[in-house]
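Here is how the chains run, residue by residue.
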Amino acid sequence: MTMILIGIALIAMMLLGAPLFAVIAASVMVNFARDDVDLTVVAIEIYRLAEMPVLLAIPLFTFAGYLLAESNAPRRLVRITNVFFGWMPGGLAAVALVICAMFTAFTGASGVTIVALGGMLYPALKQAGYPERFSLGLVTTSGSIGLLFAPSLPLILYGVVAQQLNIGHSVSISDLFLAGILPGLLIVFLLSLYGLWQNRGSQAVHQPFSWREALAALREAGWELPLPVVVLGGIYSGYFAVSEAAAVTAIYVFIVEVLIHREITFTNLPRIMRESMVLVGAILIVLGMSLASTNYLLDAEIPAKLFSFIRTHVDNAYSFLLLLNIFLLLLGMMLDIFSALVIMVPLILPIAVGYGIHPVHLGIIFLANMEIAYLMPPMGMNLFIAIYRFDRPMLEIFRAVLPFVAMLLVAVLIITYWPELSLALIRH
């Protein structure tokens with residue numbers, strides 16, 4: 001009876017709008033108190049955040065992404081990709097997908113991508129002869145397809161949570177960065193094919209390729225183009241750890257956008273820092289509570305008990321993966337991606353490993369499903385951002401993204417049942 005009342009109280013807290021970290025904290029402290037465990041263990045778990053060097057990457061990458069969003073870097077990147085791909089039939093759709101994927105990877109926030117790039121890409125797509133509904137759906141969808149590309153914050157966060165679990169496998173951030181490349185490219189490729197098919201009957205005149213324009217675009221974006229090479233090349237060459245690469249990225253972007261281009265003034269820096277750190281603070285406080293929750297779950301052997309229960313009803317990995325995808329889609333429709341990661345990974349990961357699923361592969365499956373969940377009501381973030389950005393009703397936005405959701409579902413099934421796609425680049 002006591003547990004039922006506690007459960008009702010926690011649900012009431014959520015319905016009344018209590019912050020997620022407060023609900024998790026209350027649940028953890030109640031469970032520890034029932035087991036006569038000193039509640040200082042919660043404070044100890046929060047303090048452990050300071051002992052994780054990789055967590056330094058989250059605020060630094062986020063700050064760099066917000067600096068890029070506030071500058072004219074989006075316009076320069078759109079120009080250069082349009083020069084090299086815009087002459088192709090369906091090329092502008094590929095431009096939009098590539099640019100939004102790169103931008104989301106650095107900002108870590110889908111809404112920033114739609115707000116920063118939507119105003120440029122949406123009218124450009126319509127002018128290129130794409131149907132209005134397709135253009136609206138493409139820009140809305142593109143805001144989340146960068147989650148699998150480094151240095152995506154969800155990739156880092158999944159790695160941090162997975163490293164706290166004793167699952168018998170190492171889950172390094174650099175492996176996750178590598179694992180996301182081919183599945184991410186698959187998603188971009190499939191959506192680009194759909195864009196090419198949509199543009200098949202267009203009579204719009206494509207911009208011819210011009211070496212003069214290409215050189216001018218390269219010169220204008222010359223400072224931003226080396227950024228992915230600096231980040232990924234530094235990590236995989238062994239020169240940087242992930243946290244060091246984040247520091248180099250933040251310093252590099254600051255120098256380029258503030259001191260060289262001078263598109264961000266020193267008076268605007270405090271506002272940008274504040275906005276970026278609000279996102280970081282929300283992630284870290286939920287993560288701190290989640291680590292305490294993970295500690296309790298492991299002590300109580302909850303994942304092992306769940307695995308035993310599921311094993312009696314699901315006898316093979318293929319069925320488990322199908323049910324897992326359905327569950328993750330439903331989960332993403334109710335929770336934002338950061339909350340879903342820190343709450344559910346400690347429960348799902350040990351069960352998946354019990355079915356022989358590689359933890360890195362599971363991370364890619366998890367995030368690929370979250371990309372779709374961004375587009376699904378009732379909590380799909382991209383839908384609400386697009387409503388605000390384009391001043392359109394929810395139903396119109398949702399209808400526009402449905403074909404893209406179908407393509408993403410195909411991609412998720414391929415990613416799920418072809419684990420080599422995620423694991424091919426990882427050194428075994």
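Reading the values: rules and limits
Each chain has its residues counted from 1, running along the sequence as written. The predicted origin of the model limits local features to residues at a pLDDT of at least 70 and limits the giving and counting of side-chain atom pairs to 80 or more, whereas totals for whole chains, interfaces and linings rest on all residues. Derived side-chain values reflect all non-hydrogen atoms in the structure, with water molecules and hydrogen atoms excluded from consideration. UniProt positions are given in the numbering used here, feature names are shortened, and annotations may be inferred rather than shown by experiment. Secondary structure elements follow DSSP: runs of H or I of four or more residues count as helices, runs of E of two or more count as strands, with numbering from the N terminus. Restricting the calculation to C-alpha atoms gives the radius of gyration, and the globule rule supplies 2.2 Å times the number of residues raised to the power 0.38. Relative accessible area decides the class of each residue, using a 1.4 Å probe on protein chains only: under 20% of the type maximum gives buried, over 50% gives exposed, and in between gives partly exposed. Here, Shrake-Rupley sampling with a 1.4 Å probe gives the accessible areas, and only protein chains in the shown set may cover a residue. A helix is expected to span 1.5 Å for every residue after the first. Nitrogen and oxygen atoms within 3.5 Å of one another constitute a polar contact, given that in protein one can donate a hydrogen and the other can accept it, and given that sequence-neighbouring residues count only through two side-chain atoms. The contact criterion used throughout is that any non-hydrogen atoms of two residues lie within 4.5 Å. The term salt bridge refers to a side-chain nitrogen of Lys or Arg lying within 4 Å of a carboxyl oxygen of Asp or Glu. Any Phe, Tyr or Trp ring, taking Trp's six-membered ring, that has another such ring centre within 6.5 Å forms a pair; planes under 30 degrees apart are called stacked, those over 60 apart edge-to-face, and the others tilted. In plain words, nonpolar cores are sets of buried Ala, Val, Leu, Ile, Met, Phe, Trp, Tyr and Cys residues tied together by side-chain atoms within 4.5 Å.

- An unreviewed UniProt entry lists the protein under the name TRAP transporter large permease protein, with Sideroxyarcus emersonii as the source organism.
- Listed in UniProt under the heading Function (unreviewed entry), the comment for the protein reads: "Part of the tripartite ATP-independent periplasmic (TRAP) transport system."
- Under Subcellular location (unreviewed entry), UniProt gives the following word-for-word description of the protein: "Cell inner membrane".

### Some remarks on the overall build of the protein
Point 1. Helix and strand counts for the protein stand at 22 helices and zero strands.
Point 2. The C-alpha atoms of the protein give a radius of gyration of 22 Å, which matches the 22 Å a tight globule of 428 residues would have.
Point 3. In terms of its C-alpha atoms, the protein occupies a principal-axis envelope of roughly 70 × 45 × 45 Å.
Point 4. When the 428 residues of the protein are sorted by exposure, 52% land in the buried category.
Point 5. For the protein, the accessible area works out to roughly 18,800 Å², and carbon and sulfur atoms hold 69% of it.

### With respect to helix α15 (residues 269–299)
Point 1. With 31 residues, α15 ought to run about 45 Å at 1.5 Å a step, and its terminal C-alpha atoms sit 44 Å apart, in line with that.
Point 2. Directly beyond the C-terminal end of α15, a positive phi value near 55 degrees is found at E301.

### Some remarks on the side chain of S152
Point 1. As for its placement among the helices and strands, S152 is situated in the loop between α8 (132–142) and α9 (153–163).
Point 2. A relative accessible area of 1% places S152 in the buried class.
Point 3. Within the local environment of S152, its side chain forms a polar contact with the backbone oxygen of L147, the two atoms lying 2.8 Å apart.
Point 4. Discounting residues that sit within four places of it in the chain, S152 has contacts with A105, G146, L147 and F177.

### Quick word on the pattern of salt bridges
Point 1. All chains considered together, the criterion is met by nine salt bridges.
Point 2. Of the charged contacts in the structure, one is a salt bridge between E213 and R79, with a shortest N-O distance of 2.8 Å. Residue E213 is located in helix α12 (residues 211–220), and its partner R79 is located in helix α5 (residues 73–85); the two are separated by 134 residues in the primary sequence.
Point 3. Using a relative accessible area of 26% as the deciding quantity, one classes R79 as partly exposed.
Point 4. Of the charged contacts in the structure, one is a salt bridge between E396 and R392, with a shortest N-O distance of 2.8 Å.
Point 5. Looking at E396, the relative accessible area reads 30%, which means it is partly exposed.
Point 6. Given a relative accessible area of 18%, R392 falls into the buried group.
Point 7. Several salt bridges converge on common partners, so that one network encompasses R76, E224, E257 and E263.

### A look at α5
Point 1. If you check α5, its first and last C-alpha atoms are 18 Å apart, about what 13 residues at 1.5 Å a residue would give, namely 18 Å.
Point 2. Taken together, the buried positions of α5 are occupied by A73, P74, R76, L77, V78, I80, T81 and V83.

### Some details on the packing of aromatic side chains
Point 1. Tallying each qualifying case throughout the model produces nine aromatic pairs.
Point 2. Their ring planes at 85 degrees and their centres at 5.2 Å tell us that Y194 and F404 sit as a pair that is edge-to-face. Residue Y194 is located in helix α11 (residues 181–198), and its partner F404 is located in helix α21 (residues 394–417); the two are separated by 210 residues in the primary sequence. As far as burial versus exposure is concerned, Y194 and F404 are alike and both buried.
Point 3. Where F254 meets F266, the ring centres are 6.4 Å apart and the plane angle is 70 degrees; that geometry is what we call edge-to-face. Within this pair, whereas F254 is found in helix α14 (residues 242–260), its partner F266 is found in the loop between α14 and α15, the two being separated by 12 residues in sequence.
Point 4. The partly exposed category is assigned to F254, whose relative accessible area is 23%.
Point 5. Of the residues examined, F266 reaches a relative accessible area of 55% and is grouped as exposed.

### Describing the nonpolar core
Point 1. Among the nonpolar cores identified, the biggest contains 143 residues, and I156, Y158, L287, L349 and F366 are the most heavily contacted of them.
Point 2. At 13 residues, helix α18 (residues 337–354) tops the list of elements feeding residues into this core.
Point 3. Aside from chain neighbours lying at most four places away, what touches I156 is V54, A57, I58, F61, P151, I173 and F177.
Point 4. Counting five residues, the second largest nonpolar core, distinct from the first, contains I80, V83, A214 and A221.

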